[in-house]
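# Structure at a glance
The primary structure of each chain is shown beneath.
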Amino acid sequence: MGVGTSTSSSSGGGSKQAVSNLARCIAVITAATTPSNRDKVVENLISSLQSAIAAGGDGGVGVSAQEVQLALLASGDLGRKVNLAAMAGGVAPNLLHIYLSFFDASSEDAKHAAAYALGRASVGAMDVFLPAILNALEQNSQKKQYLLLSALRELIHCYQTGGGADGGDISSSVPLILPHLVSHCSDKEEGVRTMVAECMGSLTCLEPGVMLPHLQELVATHGGKDVDDNEEGGGRKDALSCWTVATAIKFAIAAHADPSKLAGFMPSFLRLLSERDLSVRNAALLMVYSSVHHTPQLVAGLMQEHILPSLHELAQLNLKRVVDLGPFKHTVDDALPLRKAALSIFSTCLEKCPASIDIPAFMPILGKALGDVEDIQLQAHQIIISMCYRHPIPLVGAVEAFVDPLQKTIDKKTGQKTGTELERAHEWIKSGLRTMIALSNLDGVMNCRKFAEFVERTKRNEKYHRFFVALEEER
């Protein structure tokens, strides 16, 4: 079975998913066939890939770029099912050389296919491939480190989703892998740190007894430090390490790590909410959001003491600065992502664990959010509309504070806007009106004179008529 023959029907621009699915089919059939047939397929795959490398790494005479990707993916998928190191003729070392060679290809698709293949092939022949990945991690550029970490993530993910054909586990290799992950925790490239965090998160699902104490120790070692403005400074590296830990726990929770194992360590990880570095605090908020969304019981009992004080603070934090861009100046709000994340947590708590939060105490914060920038306002509108059905009583008591910001929203000037800008402005106004209507239907809310006058005034105003018609048609 030749690679060219396998892809002839899809070589005219078939989707990546089609190539990936075809590779899996080839791997399954090859793993199930006789050893002699398997040897022929592997020989064909290696020959195609070597020809592509000789032609420049992205395909050449007789080997298309798509065929290169198919050969890489099929060899990797096969390596998950059979031990390539047990095959005669130095198959595993040859493929290792081929995979690493494709890291220098000009095609991003070929690079990522090679990383995927390297990770998958490692499952069946870990003794050959894993040491090579770990050694290369300490010897290569950041771009190649990212690809090597992608391969490592794929290896770990395979064990997380069922392991290899022999049913083995990765536990004996964790002590070899972990020091290399730790050494890249503070990498200045976010992509590299994210890949490290994904690896750590998956390992936490597989080996929580090993990983959680290590992650806790990283927080103890690097947390609570002053942030150094110098990008290479020690304080900055401490912050980056903390960011990686918070992101790793976020991934672990999303991948359904054992809540009973995580529970005892969560207070340590939640201390990251109080770090001085904004990126760490944002990562910690996203960690909390992941927990509230996937396993609310993990943090429900920790809300009052460990989460809500920071949540209330960060939901109101404003850190605006003016950036001089020469001909004009641009205002940047560094705290905007934190306010968004904090509101998302509150919104999800209302759905998943309302008893764990103090809803009336959050109403003034929600009132401020109604007067924030557009994205925050829209979040606040959605929260209020949701609360009208689930938790109306706190809204009735706080509605007077909502009037002024809602009035400003629906009075938004469209000016000379046209096209999508005008459409967006109209949607913003409609969102404010939709919120007003939802509130006006609550029992007792019209006893608030200021809100009742606002509703009456708005409904009488002819300029809002078309928006009310549009909202009526949405129902």
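As a reminder, the structure under discussion sits directly above these lines.
Described below are features of the structure shown in this document. (Residues numbered from 1 in each chain as written. Predicted model: local features only at pLDDT ≥ 70, side-chain atom pairs only at ≥ 80, totals over all residues. Heavy atoms only, no water.)

## Considering the overall build of the protein chain
- The helix and strand tally for the protein chain stands at 24 helices and 2 strands.
- Its C-alpha atoms give the protein chain principal-axis dimensions of roughly 85 × 50 × 50 Å.
- Going through the 475 residues of the protein chain one by one, you find that 50% of them count as buried.
- For the protein chain, long-range pairs separated by at least 24 residues make up 70% of all intrachain contacts whose partners lie at least 6 apart in sequence.
- Total accessible area on the protein chain is roughly 21600 Å²; 51% of this is exposed by carbon and sulfur atoms.
- Of the charged side chains in the protein chain, 44 are positive and 51 negative; the average position of the first set lies 5 Å away from that of the second. (Helix = DSSP H or I, 4+ residues; strand = E, 2+ residues; numbered from the N terminus. Buried < 20%, exposed > 50% of the residue type's maximum accessible area, 1.4 Å probe, protein only. Contact = heavy atoms within 4.5 Å. Areas by Shrake-Rupley, 256 points an atom, 1.4 Å probe, with all protein chains shown as cover. Lys, Arg positive; Asp, Glu negative; His and termini not counted. Charge placed at Lys NZ, Arg CZ, Asp CG, Glu CD.)

## Some remarks on unusual backbone geometry
- Residues other than glycine seldom take positive phi values, yet His256 does so here, at roughly 70°.
- Locating His256 in the fold gives a position in the loop between helix H12 (234-254) and helix H13 (259-262).

## Remarks on the packing of helix H22 (residues 419-440) against helix H24 (residues 465-474)
- Packing of H22 against H24 brings their axes to within 10 Å, and their N-to-C directions diverge by 70°. By the angle between their directions, the pair H22 and H24 is classed as roughly perpendicular. Taken together, the residues of H24 that come into contact with H22 (itself represented by His426, Ile429, Lys430, Leu433, Arg434, Met436 and Ile437) are Arg466, Phe467, Phe468, Ala470, Leu471 and Glu474.
- By residue class, the composition of the contact of H22 with H24 is 8 nonpolar, 1 polar and 4 charged. (Axes fitted to C-alpha atoms, helices over the stretch in contact; angles between N-to-C directions. Parallel < 35°, antiparallel > 145°, perpendicular 65-115°, else oblique. Nonpolar A, V, L, I, M, F, W, Y, C, P; charged D, E, K, R; others polar.)

## Section: the nonpolar core
- Ranked by internal contacts, the top residues of the largest apolar core, which has 155 residues, are Leu152 and Phe402.
- Contact partners of Leu152, with chain neighbours within four places excluded, come to Leu130, Ile133, Leu134, Ile177, Leu181 and Cys199. (Core = buried A, V, L, I, M, F, W, Y, C linked by side-chain atoms within 4.5 Å.)

## Re the pattern of salt bridges
- Counted under the stated rule, the structure contains 22 salt bridges.
- Here Asp333 ties to Arg339 by a salt bridge, and the two come within 2.7 Å at their closest N and O atoms.
- Among the ionic pairs, Asp375 bridges to Arg424, the shortest N-O distance being 3.7 Å. Within this pair, whereas Asp375 is found in helix H19 (residues 374-390), its partner Arg424 is found in helix H22, the two being separated by 49 residues in sequence. (Salt bridge = Lys/Arg side-chain N within 4 Å of Asp/Glu carboxyl O.)

## Let's talk about the packing of helix H6 (residues 108-124) against helix H7 (residues 126-137)
- Between H6 and H7, whose axes approach to 7 Å, the crossing angle comes to 140°. One element, H6, and the other, H7, form an angle in the oblique class. Together, Leu118, Ala121, Ser122, Val123 and Gly124 of H6 and Met126, Phe129, Leu130 and Ile133 of H7 make up the contact between the two elements.
- Here the residues of the contact of H6 with H7 are counted per class, giving 7 nonpolar, 2 polar and no charged.

## Let's talk about the side chain of Thr458
- Looking at the secondary structure, you find Thr458 in helix H23 (residues 449-460).
- Not counting residues up to four positions away in its chain, the partners in contact with Thr458 are Ile410, Leu433, Met436, Tyr464 and Phe468.

## With respect to the environment of Ala121
- Among the structural elements, Ala121 can be located in helix H6.
- For the pair Ala121 and Leu96, spaced 25 residues apart in sequence, the C-alpha to C-alpha distance is 8.9 Å.

## Quick notes on the packing of aromatic side chains
- What the rule picks out here adds up to 3 aromatic pairs.
- Just above the ring of Trp243 sits the side chain of Arg193; from NZ or CZ to the centre is 4.5 Å.
- Over the face of the ring belonging to Phe251 we find Lys250, whose NZ or CZ atom lies 4.8 Å from the ring centre. (Phe/Tyr/Trp six-rings, centres within 6.5 Å; stacked < 30°, edge-to-face > 60°. Lys NZ or Arg CZ within 6 Å of the ring centre and 35° of its normal.)

## Quick word on the environment of Lys450
- Structurally, Lys450 can be placed in helix H23.
- Classification of Lys450 as partly exposed rests on a relative accessible area of 31%.
- Taking the C-alpha atoms as reference points, Lys450 and Val403, separated by 47 residues in sequence, lie 7.3 Å from one another.
- Once residues lying within four places of it in the same chain are set aside, the contact partners of Lys450 are Glu400, Val403 and Asp404.

## Some words on helix H9 (residues 174-183)
- For H9, the full list of buried residues reads Val174, Ile177, Leu178, His180 and Leu181.
- Structurally, H9 contributes buried residues whose contacts are with H7, helix H8 (142-160), helix H10 (190-206) and helix H11 (208-222).

## Quick look at the side chain of Arg339
- Mapping Arg339 onto the fold places it in helix H17 (residues 336-352).
- Here the side chain of Arg339 touches Leu317 through a polar contact of 2.8 Å, landing on its backbone oxygen.
- If we ignore the near neighbours within four places in the chain, the residues touching Arg339 are Leu314, Ala315, Gln316, Leu317, Asn318, Asp333, Asp372, Val373 and Ile376. (Polar contact = N/O pair within 3.5 Å; in protein donor to acceptor, adjacent residues only side chain to side chain.)

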